[in-house]
Amino acid sequence: MSNGKKMNLSLKIWRQADKNSAGEFKDYTVNNVSPDMSFLEMLDVLNEELIIKGEEPVAFDHDCREGICGSCSLYINGRPHGPKRGVTACQLHMRSFHDGQSIVIEPWRANAFPVVKDLIVDRSAFDRIITAGGFVSVNSGGAADANSILISKDDVEYALDASQCIGCGACVAVCKNSSASLFVGAKIAHLSRLPQGSPERHKRAINMIKQMDKEGFGSCTNTEACAAECPKEISMDVIVTMRKEYMKAIKEME
Amino acid sequence: MELNAKIPQGDLKDKWSYYKGNVKLVNPANKRKYNLIVVGTGLAGASAAASLAELGYNVKSFCFQDSPRRAHSIAAQGGINAAKNYQNDGDSVWRLFYDTIKGGDYRAREANVHRLAELSVNIIDQCVAQGVPFAREYGGLLDNRSFGGAQVSRTFYARGQTGQQLLLGAYSALMRQVGLGKVKLFPRYEMLDLVVVDGRARGIITRNLITGAVERHAADAVILATGGYGNLFYLSTNAKGSNVTASWRSYKRGALFANPCFTQIHPTCIPVKGDYQSKLTLMSESLRNDGRVWVPKRKGDTRKPMDIPENERDYYLERKYPSFGNLVPRDVASRNAKEVVDEGRGVGESGFAVYLDFADAIKRLGVDEIKMRYGNLFDMYYQITDEDPYKVPMRIYPAVHYTMGGLWVDYELMTTIPGLYALGECNFSDHGANRLGASALMQGLADGYFVIPYTIGNYLADHRPDGLDINAQEFETVEKEVNDRVGKLLSVNGSRTVDDFHRNLGQIMWEYVGMSRNEGGLKKAIKLISELRDEFWKDVKVLGRNEELNQSLEKAGRVADFLELGELVARGALNRNESCGGHFRAEYQTQENEALRDDENYCYVAAWQFKGDDQLPELHKENLKFEFVTPSQRSYK
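Quick notes on the rules
Residues numbered from 1 in each chain as written. Chains lettered and ligands numbered in written order. Predicted model: local features only at pLDDT ≥ 70, side-chain atom pairs only at ≥ 80, totals over all residues. Heavy atoms only, no water. Helix = DSSP H or I, 4+ residues; strand = E, 2+ residues; numbered from the N terminus. Buried < 20%, exposed > 50% of the residue type's maximum accessible area, 1.4 Å probe, protein only. Pairing = 2+ DSSP bridges. Salt bridge = Lys/Arg side-chain N within 4 Å of Asp/Glu carboxyl O. Axes fitted to C-alpha atoms, helices over the stretch in contact; angles between N-to-C directions. Parallel < 35°, antiparallel > 145°, perpendicular 65-115°, else oblique. Contact = heavy atoms within 4.5 Å. Buried area = accessible area lost by both parts, 1.4 Å probe. Polar contact = N/O pair within 3.5 Å; in protein donor to acceptor, adjacent residues only side chain to side chain. Nonpolar A, V, L, I, M, F, W, Y, C, P; charged D, E, K, R; others polar. Phe/Tyr/Trp six-rings, centres within 6.5 Å; stacked < 30°, edge-to-face > 60°. Lys NZ or Arg CZ within 6 Å of the ring centre and 35° of its normal. Domains from an automatic or database assignment. Expected span 1.5 Å × (residues − 1).

A. Fine view of unusual backbone geometry. All names here are of chain B. If you check the backbone angles, Asn88 has positive phi at about 60° while not being a glycine. Structurally, the position occupied by Asn88 is in the loop between β3 (80-81) and α4 (93-103). Classification of Asn88 by relative accessible area gives exposed; the value is 68%. Within the chain, Asn493 stands out as a residue other than glycine whose phi angle is a positive 50°. One can find Asn493 in the loop between α13 (473-491) and α14 (498-513).

So this is what it looks like as structure tokens:
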């Protein structure tokens with residue numbers, strides 16, 4: 001690891017003009033990288049240099065840069081969000097790399113996430129899965145007093161562990177089957193554990209899973225890579241919960 | 001121009017009820033004949049789009065992000081206030097109203113703020129019904145924490161990610177309406193201009209950020225929920241994409257811009273590290289519940305924090321403000337941090353930081369409890385700084401965080417353009433000159449879930465749907481102006497990048513229009529910004545074409561607007577010869593260096609009207625009348 005000194009790095013970055021074009025890796029170097037820079041700031045520096053040279057900058061998704069919006073979608077040296085556990089690419093700092101290192105940067109790779117440009121992919125499939133059932137059917141107004149629903153601390157903590165999913169798609173990107181089970185499981189687990197979400201839990205499980213399959217995500221074969229790489233460290237438990245909910249729902253439908 | 005805030009009659013606590021009882025309604029069968037545009041999908045935008053669709057209106061919802069779930073409300077950490085008084089500690093709607101209006105340094109409207117406090121309780125009920133997992137006690141009841149500027153515990157929270165959980169709630173309500181066919185979603189679309197027809201807001205011009213296609217959208221009303229303009233300072237806690245374009249374009253089409261100089265500098269952010277820095281990260285104000293702020297008593301003390309004995313530390317907030325201590329409002333905490341740094345008592349490599357120390361709290365409560373309360377914040381701090389806050393004190397420094405100023409709106413949240421509404425941070429209405437912690441989420445959701453669904457009907461009832469065609473001349477004209485502007489940005493082909501200009505603008509703003517302002521500095525800023533703007537249009541380098549995903553072009557348009565806004569902010573600050581809340585003019589302070597208001601001459605909302613690119617904006621004043629509270633010198637001592 002670095003010791004505070006500036007680094008020179010070789011980058012291999014996926015460039016692709018649009019979803020219909022073929023892409024390829026291109027080589028770049030960035031020099032004098034401070035170990036305190038974030039990974040995205042290192043890309044900012046590269047882009048500034050490219051623009052000045054008249055070369056097209058690298059397109060990548062980013063927004064909050066504090067690990068919560070879920071925009072980041074960089075596959076860094078063969079791992080989503082790079083070498084550190086439990087962080088998104090925007091929270092990854094260059095101190096995790098060393099002088100002279102080669103870094104390969106790719107977009108998420110999954111049929112359900114087509115590349116839009118360079119490192120940007122289309123994750124609207126996730127939105128469509130939520131549209132299929134990732135909600136509690138209540139309209140604005142008319143809700144009962146919040147304390148009229150008692151929820152045990154354990155249940156609410158479990159729900160929050162699941163609902164902190166940021167929808168980045170790292171789980172899909174790392175899975176050899178491109179399965180979205182961790183994402184879908186997280187929402188199902190969040191809502192199924194709370195009394196508010198219970199009345200429509202069966203319908204929710206069936207509709208969300210149906211949509212997940214329709215979007216072209218693969219099946220889960222329990223490799224657990226998703227949970228290992230999730231920047232919010234969402235556990236495999238949510239997939240178990242998803243299956244239980246689905247089985248119960250199927251049984252009820254019979 | 002006469003600014004009519006349309007405050008309903010009656011006693012303060014009856015105004016909203018009176019309004020609701022007398023407002024015009026749109027018949028349910030007619031609602032589906034109206035088309036509404038909502039721009040932005042943060043707390044205000046998503047909650048408004050969902051609630052209006054639930055009522056039966058047809059809604060088009062736009063956001064520049066790839067998904068509505070990523071709007072920057074997601075990053076709000078600490079919590080949301082509500083006057084539930086679940087803790088039996090003396091809270092009430094009146095007290096929340098009073099704290100908010102006092103925290104805002106008496107520069108907000110009484111009626112708006114009281115409505116906000118009333119609605120706060122409904123918000124919590126609504127969010128819980130949606131499945132938002134707020135923190136709970138062991139008995140299953142909701143938990144609360146305290147927050148700056150208040151002496152009661154009224155803040156509801158979900159660990160350090162309350163904004164995320166609330167936004168995911170609003171997003172799920174929005175997506176439910178997408179599924180029901182009542183909302184049509186336009187992600188990766190940016191609003192580039194407003195279309196006004198016969199004096200009414202009737203549509204917007206957008207750019208599809210993937211294909212570059214410039215498109216027209218017509219509607220019966222347009223609702224902006226596009227957030228604040230903190231990125232004017234380049235370095236801020238806002239998301240990189242947060243921008244002022246929708247508000248600014250509306251300003252240039254006739255909507256007045258109110259109190260632009262009311263910008264908030266948040267006291268607890270991670271200090272700046274190097275020139276490459278692209279944004280600043282906030283550490284939730286909730287940390288001040290348990291963390292103690294201090295600097296060494298001696299100037300230039302470079303010892304490690306642990307080596308500085310207790311009696312050589314200055315816990316300056318506790319010392320100066322014994323009754324509020326570390327929980328003074330944000331503007332007070334920020335200014336005091338600047339003061340000790342200016343005295344040469346700052347800490348860390350740069351000297352631009354103060355300590356936020358958890359050693360006592362860990363001793364008192366144990367590591368596990370601290371982890372439960374702030375775990376994700378501590379992790380985030382560790383990721384960024386490589387220092388473990390469980391072992392060494394955090395280093396923090398103020399950073400631009402929120403903008404109280406924004407489009408002028410009346411009680412109904414309508415701007416000065418009929419049919420154009422502004423919700424959430426992009427309006428000016430509820431926080432006066434300083435926003436209290438955990439109040440932004442409250443305002444965004446109050447506006448979206450509970451205000452706009454009532455107030456918009458009052459307007460629509462008078463304007464029957466007329467199926468306005470997007471081929472109308474007005475759309476044609478504005479679209480051409482948008483295309484010309486895009487073309488101009490692409491054709492300059494100068495030598496400096498957009499980010500380079502943006503950084504430059506940020507330096508000017510922070511130096512002269514930041515935490516402390518004075519007449520000479522503001523005049524200098526106005527000149528420097530105007531020169532920088534000229535240079536931008538001569539020397540900016542934007543590569544590529546319009547007809548593709550072009551992130552440099554997106555940024556260029558936003559920075560071009562910031563370069564205009566910056567000047568208005570400085571002019572607003574120059575006009576306001578007083579200090580109040582986040583607006584601190586060095587010339588106007590008490591002997592104890594506190595903000596010195598001038599109620600005699602400046603107890604008004606400064607609303608600015610665009611008069612042309614080569615003209616000075618015109619100032620209109622909405623005088624603030626305090627009928628129910630008496631403005632006093634704020635004291636947190």
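B. Fine view of the pairing of strand β5 (residues 102-107) of chain A. Residues and elements named next belong to chain A. Bridging between strand β1 (residues 7-15) and β5 involves four bridges; their strand directions are parallel. Bridge pairing in β5 links Ser10 to Ser102. As defined by bridge partners, strand β3 (residues 74-76) adjoins β5 across three bridges and the pair is classed as antiparallel. Bridge assignment links Tyr75 to a residue of β5, and that residue is Glu106.

C. Examining the pairing of strand β9 (residues 221-224) of chain B more closely. Residue and element names in this part refer to chain B. Taking every second residue as pointing to the same face, both faces of β9 are buried, with Ala221 and Ile223 on one and Val222 and Leu224 on the other. Sheet topology note: the strand β1 (residues 35-39)/β9 ladder contains four bridges and is parallel. For Leu36, the partnering residue across the bridge sits in β9 and is Ala221. Sheet analysis places β9 next to strand β17 (residues 420-422), joined by three bridges and oriented parallel. What sits directly across from Leu224, in β17, is Ala422.

D. Geometry of the pattern of salt bridges. This structure, assessed with the given rule, holds 83 salt bridges over all chains. Connected through shared salt-bridge partners, Asp105, Arg107, Asp331, Arg335, Arg576, Glu578, Arg597, Asp599 and Arg634 of chain B make up one network.

E. Region of the structure containing the packing of helix α6 (residues 162-179) of chain B against helix α12 (residues 440-460) of chain B. All names here are of chain B. Relative to each other, α6 and α12 sit at 10°, their axes nearing to 11 Å. Here α6 lies roughly parallel to α12, going by the angle between them. Contacts between α6 and α12 involve Thr162, Gly163, Leu166, Gly169 and Ala170 from the first element and Leu441, Leu445 and Tyr449 from the second.

F. The interface of chain B and chain A, seen in detail. The partner chain A presents 73 residues to the 78 residues of chain B that form the contact. Taken over both partners, the interface formed by chain B and chain A buries close to 6,300 Å², and the fraction arising from carbon and sulfur atoms is 51%. For the interface between chain B and chain A, the tally reads 10 salt bridges. Between Lys117 of chain A and Glu548 of chain B there is a salt bridge, with the nearest N and O atoms lying 3.8 Å from each other. Run the count over chain B and chain A and you get 45 residue pairs in polar contact (both at pLDDT 80 or more). No other element matches the 10 residues that α6 of chain B contributes to the side of chain B that touches chain A. Considered class by class, the residues forming the side of chain B that touches chain A number 30 nonpolar, 28 polar and 20 charged.

G. Local environment of the packing of aromatic side chains. All names here are of chain B. According to the stated counting rule, one finds 37 aromatic pairs over all chains in the structure shown. Ring geometry for Tyr251 and Phe257: centres 6.1 Å apart, planes at 85°, overall edge-to-face. Residue Tyr251 shares its accessibility class with Phe257, and that shared class is buried. Here the aromatic residues Tyr229, Trp248, Tyr251, Phe257 and Phe610 are joined through ring pairs into a cluster of three or more. In this structure, Arg558 packs its charged tip against the face of Phe64, placed 4.9 Å from the ring centre.

H. Just the domain arrangement of chain A, in detail. All names here are of chain A. Per the domain assignment, the segments making up chain A are domain 1 (7-117) and domain 2 (124-253). On a C-alpha basis, the centres of domain 1 and domain 2 stand 29 Å from each other. In total, about 1,400 Å² of surface goes out of reach between domain 1 and domain 2, with carbon and sulfur atoms giving 57% of it. Three residues stand out in domain 1 for area buried against domain 2, namely Pro80, Ala112 and Phe113, and they jointly supply 30% of the buried area on that side. Scanning the region where domain 1 abuts domain 2 turns up one salt bridge. Glu229 is paired through a salt bridge with Arg79; the nearest N and O atoms lie 2.7 Å apart. Its residues assigned to classes, the side of domain 1 that touches domain 2 shows 10 nonpolar, five polar and three charged.

I. Quick peek at α6 of chain B. Residue and element names in this part refer to chain B. An ideal rise of 1.5 Å per residue puts 26 Å on 18 residues; α6 measures up with 26 Å between its terminal C-alpha atoms. Counted residue by residue, α6 has 16 buried out of 18 residues, so it is predominantly covered. Directly after α6, the chain includes Gly181, whose backbone phi takes a positive value near 80°.

J. Region of the structure containing the domain arrangement of chain B. Residue and element names in this part refer to chain B. The assigned domain composition of chain B is domain 1 (12-262 + 404-460), domain 2 (267-399) and domain 3 (475-591). Taken residue by residue, the interface counts 24 residues in domain 1 and 26 residues in domain 2. Counting each side, the surface lost to burial between domain 1 and domain 2 is near 2,000 Å², with a carbon and sulfur contribution of 51%. The largest contributions to the domain 1 side of the interface with domain 2 come from Gln77, Leu235 and Thr237, which together make up 28% of the buried area. Our count for the domain 1 to domain 2 interface comes out at zero salt bridges.

K. View of the sheet that holds strand β14 (residues 354-357) of chain B. Residues and elements named next belong to chain B. Strand order in the open sheet formed by five strands is β11-β15-β14-β12-β13, with antiparallel pairing between adjacent strands. Unpaired on one side and paired on the other, β11 (263-269) and β13 (313-314) mark the two borders of the sheet. Sheet topology places strand β12 (residues 292-296) next to β14; three bridges connect them, and they run antiparallel. Bridge assignment links Val293 to a residue of β14, and that residue is Leu356.

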